[in-house]
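Inside the fold
The primary structure of each chain is shown beneath.
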Amino acid sequence: VPGSTTVSPPILRTALSGNAPPDVVEANNGRSAMGEFVKAGQLLPLDSYAKAYGWDARYPKSVRQYSSYSPDGKTFGEGNLYGLPQVGETVGIFYNKKKVAAAGLKTPTTWAEFEASLPTLKGKGEVPLVLGNLQKWPAIHVFGTVQGRTTPAADITSLAFGRSGATWKPPENLKAAQTLVDWVDKGYFNKGVNGQDYDPAWQGFTKGTGVFLIAGTWLQADLQKAMGADVGFMLPPGAAAGDKPVATGGTGLPFAITTKSKHPDAAAAYINFITSKDAMAVLAKTGNLPVADTSAQVVTGGLQKDVFTSFGTIVDKEGLVPYLDYATPTMPDTIGAALQDLLAKKATPEQFLDRLEKDYSAFASAKG
């Protein structure tokens, strides 16, 4: 078995620059990590192995894009394949089944039904939407979920991967930003979302605070342990029941092969072994969400089944769209701060988008 390692980005950067780097590494797929490693010629393109092992058939393009770069590292989301992940994740809507039923509602099957449920729940004295945004990034997932109901998936993908010609200023994005402001104005969120920690917020949800929690599948195990059969999960519904699903999501850290590896074929065989169908079954049994063959896994009922079915569906339907903070190296800070201002009514939807566009334009100009 070839050498492999999982380390922090600075340490990995040092390891890749040395004379004897590991054969296989887990490299964060963001621009500041994998993008820079590709640019420096430190990672081996895996396209020939993908064809030989059938990875390109088992891993759809919507998954492979998260580990794909042009050889110069400038273009994210397309080009050569530089890594293969084991696990996946997607953002959806957790909901308290008891509270939904007590309000005389059914699980929403369209976005209109979801939005219509919010004032009903508010009228029943419930907190419709739970959000803890002190760390700034949680609101990115909420905005991305709303954006996916108004903005074409292809446009979101272009924005999130920082592609030339993309813009934050179309009316669909303005509508998404305005929706968040409307939710604040109507009191659909818990009070003080910007001052609420992420963990206490979802933990409060498990104890009966709120009805809907827009969050990622990484919370599945904790929510299931705390709430049992009372919690469900669904992909964000579309305009009509049965519409192609669109949801923010991604993968775990992909496994990559270093260019200085003396055993690239063995390294590829190792990656194939840890991402095989058998490996996916083991991941499922140990509480992880396998990125491939998800729908084929035998899992317990309840929330785990909801999550596995949802992720399998979003992957099979090629509906995953990237996290918005992938867009530029500075976008995580920019959009996080901008969303806090939007939710606090310190910025209008127009000012919010202007701020994102300024960051995006500066990156595009520097990239050339």
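Described below are features of the structure shown in this document. Since the model is a prediction, treat every value here as computed from it, not as a measurement. (Residues numbered from 1 in each chain as written. Predicted model: local features only at pLDDT ≥ 70, side-chain atom pairs only at ≥ 80, totals over all residues. Heavy atoms only, no water.)

1. What to know about the pattern of salt bridges
To keep it simple, the criterion reads: One speaks of a salt bridge when a side-chain nitrogen belonging to Lys or Arg is within 4 Å of a carboxyl oxygen belonging to Asp or Glu. Numbering goes from the N terminus for both helices and strands, where a helix is a DSSP run of H or I of at least four residues and a strand is a run of E of at least two. Only protein chains enter the accessibility calculation, which uses a 1.4 Å probe; a residue whose area is less than 20% of its type maximum is buried, one above 50% is exposed, and one in between is partly exposed.
This structure, assessed with the given rule, holds seven salt bridges. Here Asp230 makes a salt bridge to Lys98, at a shortest N to O gap of 3.9 Å. Taken together, the positions of Asp230 in the loop between α12 (220–227) and β8 (231–234) and Lys98 in helix α6 (residues 97–102) put the pair 132 residues apart, joining distant regions of the chain. Its relative accessible area of 57% is what places Lys98 among the exposed residues.

2. Notes on the pairing of strand β7 (residues 212–216)
Put simply, the test is: Think of it this way: DSSP has to see at least two bridges between two strands before they count as a pair.
The buried fraction of β7 amounts to five of the five residues, a majority that puts the element mostly inside the structure. Burial along β7 is two-sided: Phe212, Ile214 and Gly216 facing one way and Leu213 and Ala215 facing the other are all buried. Relative to β7, strand β5 (residues 88–96) is paired through five bridges, and the arrangement is antiparallel. Among the inter-strand pairings, Gly92 is bridged to a residue of β7, identified as Ala215.

3. Considerations on helix α11 (residues 198–206)
Stated formally: Here, residues are in contact when the closest pair of their heavy atoms is within 4.5 Å.
For α11, the set of buried residues is Tyr198, Ala201, Trp202, Gly204, Phe205 and Thr206. Here the buried face of α11 lies against β5, β6 (129–130), α8 (138–150), β7, α12 and β8. Looking at the residues trailing α11, positive phi occurs at Gly208, about 110°.

4. Here we look at the environment of Thr275
Relative to the elements of secondary structure, Thr275 occurs in the loop between α13 (264–274) and α14 (277–285). Through-space distance from the C-alpha of Thr275 to that of Lys346 is 46 Å; in sequence the pair is 71 residues apart. Excluding anything up to four places from it in sequence, Thr275 contacts Trp55, Arg58, Tyr59, Leu84, Pro85, Gln86 and Met280.

5. Some points on the packing of helix α10 (residues 171–185) against helix α17 (residues 349–367)
Heads up, the rule is: A fitted line through C-alpha atoms serves as each axis, taken over the contacting stretch for helices, and the angle formed by two N-to-C directions is quoted from 0 to 180°. Here the angle decides the label: under 35 degrees means roughly parallel, over 145 means roughly antiparallel, 65 to 115 means roughly perpendicular, and every other value means oblique. In a left-handed crossing the near helix is turned counterclockwise from the far helix by less than a right angle, and in a right-handed crossing that turn is clockwise.
Contact geometry for α10 and α17: axes closest at 9 Å, N-to-C directions at 125°. Taken together, the axes of α10 and α17 are oblique relative to one another. Crossing handedness for the pair α10 and α17: right-handed. Where α10 abuts α17, its residues Asn173, Leu174, Ala177, Gln178 and Val181 lie against Pro349, Glu350, Phe352 and Leu353.

6. What about the packing of aromatic side chains?
Using the following cut-off: For Phe, Tyr and Trp, where Trp contributes only its six-membered ring, two rings pair if their centres lie within 6.5 Å, and the inter-plane angle classes them as stacked under 30 degrees, edge-to-face over 60, or tilted in between. Look at NZ for Lys and CZ for Arg. If either is within 6 Å of the ring centre and within 35 degrees of the ring normal, a charge sits over the ring.
The final tally for this structure, using the stated rule, is 15 aromatic pairs. Both rings, one in Tyr69 and one in Phe76, keep their centres 4.6 Å apart while their planes meet at 0°; by these two values the pair is stacked. The burial state of Tyr69 is the same as that of Phe76; both residues are buried. With a centroid separation of 5.9 Å and 85° between ring planes, the pair formed by Tyr323 and Tyr326 is classed as edge-to-face. Taken as a pair, Tyr323 and Tyr326 share a single burial class, namely buried. Site record: aromatic cluster; members linked through ring pairs are Tyr66, Tyr69, Phe76, Phe161, Tyr323 and Tyr326. Directly above the aromatic system of Trp111 lies the positively charged group of Arg149, at a separation of 5.8 Å from the ring centroid.

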